[in-house]
Amino acid sequence: MGRIERAGSNGFTRYIWYPGNLEDWKRVGIALGTGVAAFVGLLILAHSMLWATLVSTTVTACMTGYALGNKDANSFDSISELRSFETGRALWRALAKGFGAAAAAVLVAHAAPPTSWSGWLLPILPAISGAVAHQCGIMQVRLSAVRQAQKSELRRAPVAAA
């Protein structure tokens with residue numbers, strides 16, 4: 001649970017509570033803002049609702065998938081201890097990923113002409129891209145943990161005398 005503190009009148013402090021972490025909300029805002037910017041830019045440049053919708057949902061899915069992959073990888077250690085709040089958060093992230101992929105597919109399917117191949121093939125691209133970005137986010141966290149372990153191992157290793 002996050003909290004914003006604001007100084008009020010008469011020396012009182014006003015607290016504003018919001019769900020989640022402020023960094024998570026910033027990532028959501030950046031992903032949605034980038035998707036909207038891609039949509040508007042492609043709609044102006046390409047004059048195609050299909051391609052603007054496809055690229056904007058794919059960009060948003062990739063950024064969100066990468067961020068959620070990082071969160072999932074960071075929570076793997078605490079899930080092994082079966083903490084209920086961590087498993088609840090993992091369930092919430094899974095629901096968000098599933099809903100995001102389904103919503104992107106619906107948006108792209110409705111932007112495509114109803115009788116073309118694009119109505120069947122293109123709606124799956126944002127979901128696939130988001131899933132690949134999710135795995136990249138997990139791998140990035142795991143590889144950085146391996147690098148940190150290797151660096152600490154090198155620091156602890158005794159220096160051989162020549």
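Counting of residues starts from 1 at the beginning of each chain's written sequence and follows it residue by residue. Since the coordinates come from a predicted model, pLDDT governs what is reported: local features require at least 70, and pairs of side-chain atoms require 80 or more to be given and counted, while whole-chain, interface and lining totals use all residues. Heavy atoms from the whole structure form the basis of all side-chain values; hydrogens and water molecules are not counted.

(A) Seen up close, the overall build of the protein. Numbering goes from the N terminus for both helices and strands, where a helix is a DSSP run of H or I of at least four residues and a strand is a run of E of at least two. Secondary structure summary: the protein contains five helices and two strands in total. Each helix and strand of the protein, ordered N terminal to C terminal, gives the series β-β-α-α-α-α-α. The buried share of the protein, reckoned over its 162 residues, is 24%. Note on contacts: a residue pair qualifies if any of its non-hydrogen atoms lie within 4.5 Å across the two residues. In the protein, once contacts between residues fewer than 6 apart in sequence are set aside, the share between residues at least 24 apart is 54%. Surface exposure of the protein reaches about 11200 Å², of which carbon and sulfur atoms provide 68%. Accessible area is worked out with a 1.4 Å probe on protein chains only. A residue is then buried under 20% of its type maximum, exposed over 50%, and partly exposed in between. Note that accessible areas follow from Shrake-Rupley with a 1.4 Å probe, and for residues the cover is restricted to the protein chains shown.

(B) Spotlight on the nonpolar core. If you look at the biggest cluster of nonpolar residues, it comprises five residues: Leu50, Leu54, Val108, Ala112 and Leu122. Not counting chain neighbours up to four residues away, the residues in contact with Leu122 comprise Leu50, Trp51, Leu54, Val108 and Trp117. Note on terminology: a nonpolar core comprises buried Ala, Val, Leu, Ile, Met, Phe, Trp, Tyr and Cys residues joined through side-chain atoms within 4.5 Å.

(C) Broad picture of unusual backbone geometry. Phi at His47 takes a positive value of approximately 55°, unusual for a residue other than glycine. Along the chain, His47 turns up in the loop between helix H1 (22–46) and helix H2 (49–79). The exposure class of His47 is exposed, given its relative accessible area of 67%.

(D) Region of the structure containing the side chain of Asn70. In this structure, Asn70 sits in helix H2. Contacts of Asn70, omitting those with residues within four sequence positions, involve Gly137, Ile138, Gln140 and Val141.

(E) Just the pattern of salt bridges, in detail. Salt bridge, as applied in this entry: a Lys or Arg side-chain nitrogen positioned within 4 Å of an Asp or Glu carboxyl oxygen. One pass over the structure, following the stated rule, counts one salt bridge. Note that Asp72 is salt-bridged to Lys97, the shortest N-O span being 2.9 Å. Taken as a pair, Asp72 in helix H2 and Lys97 in helix H3 (residues 84–111) lie far apart in primary sequence, 25 residues in all. Of the residues examined, Lys97 reaches a relative accessible area of 26% and is grouped as partly exposed.

(F) Inspection of the environment of Ala111 at higher detail. Following the sequence through the fold, Ala111 ends up in helix H3. Taking the C-alpha atoms as reference points, Ala111 and Leu50, separated by 61 residues in sequence, lie 4.9 Å from one another.

(G) Spatial organisation of a nonpolar patch on the surface. A contiguous nonpolar surface patch, about 570 Å² in accessible area, is contributed by Trp117, Leu121, Ile124, Leu125, Ile128 and Val132. The biggest single contributor to the nonpolar patch is helix H5 (residues 124–156), with four residues. The topology assignment puts Val132 in helix H5. Residue class for Val132 comes out partly exposed when judged on its relative accessible area of 48%. The residues that make up patches have over 30% relative accessible area and no salt bridge, and they are joined within 9 Å when like-charged or within 5 Å when they are Val, Leu, Ile, Met, Phe, Trp or Tyr.

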